[in-house]
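# A look at the structure
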Amino acid sequence: MKCLLFNALHYCVSLATTRHMLKELKRAQSYVGTNKATCGCCMKSTHGLPCAHELGQWNILNMAVRLNTIHPH
Ligand SMILES: [Zn+2]
């Protein structure tokens, strides 16, 4: 099954960035869901990447991650 979440990011982000976001997506799918308090938002503050609760929300809404939600460093 194709994941729509990362459709807009093809060829725009590094493999390391994709791996970080896949780990966060797995956290969202396993126990974080859309709960910000459970998430802790570490990925957002340390890497400037969408965190588990954001990915969980966008996944439920069937939205893709937008490139402007990723810090350009
Ligand atoms: Zn979060």
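Scroll up a little and you will see the structure.
Okay, so let's go over this structure. (Residues numbered from 1 in each chain as written. Predicted model: local features only at pLDDT ≥ 70, side-chain atom pairs only at ≥ 80, totals over all residues.)

### Some details on the packing of helix α1 (residues 15-32) against helix α4 (residues 52-60)
Each packed pair of helices is defined by two parameters, the angle between the axes and the distance between the axes. Across the interface, α1 lies against α4 with an axial gap of 8 Å and an inter-helix angle of 75 degrees. The angle between α1 and α4 places the two elements in the roughly perpendicular class. Residue-level contacts link M21, E24, L25, R27, A28 and V32 of α1 to A52, H53, L55, G56 and N59 of α4. Class assignment for the residues of the contact of α1 with α4 results in six nonpolar, three polar and two charged. (Axes fitted to C-alpha atoms, helices over the stretch in contact; angles between N-to-C directions. Helix = DSSP H or I, 4+ residues; strand = E, 2+ residues; numbered from the N terminus. Parallel < 35°, antiparallel > 145°, perpendicular 65-115°, else oblique. Contact = placed C-beta atoms within 7 Å. Nonpolar A, V, L, I, M, F, W, Y, C, P; charged D, E, K, R; others polar.)

### As for the nonpolar core
Core analysis: the biggest nonpolar cluster contains twelve residues, these being M21, L25, A28, V32, C39, M43, L49, C51, A52, L55, W58 and V65. Of all elements in the fold, only α1 and α4 reach the threshold of two or more residues within this core. Here the element with the most residues in this core is α1; it accounts for four residues. Here M43 is in contact with H20, E24, L49 and C51, once residues within four sequence places are set aside. (Core = buried A, V, L, I, M, F, W, Y, C linked by C-beta atoms within 7 Å. Buried ≥ 20, exposed ≤ 12 C-beta atoms within 10 Å, placed from the backbone.)

### Examining α1
For α1, spanning 18 residues, the distance from its first C-alpha to its last is 23 Å, which sits close to the expected 26 Å at 1.5 Å a residue. The set of residues buried in α1 consists of M21, E24, L25, R27, A28 and V32. The buried residues of α1 occupy one face: seen down the axis, they fall within an arc of 155 degrees. Facing away from the buried surface of α1 by more than 90 degrees, the exposed residues are L15, A16, R19, K23, S30 and Y31. Along its buried surface, α1 packs onto α2 (36-39), α3 (42-47) and α4. Just downstream of α1, G33 is the residue with a positive phi angle, here 60 degrees. (Expected span 1.5 Å × (residues − 1). Arc of directions from axis to C-beta.)

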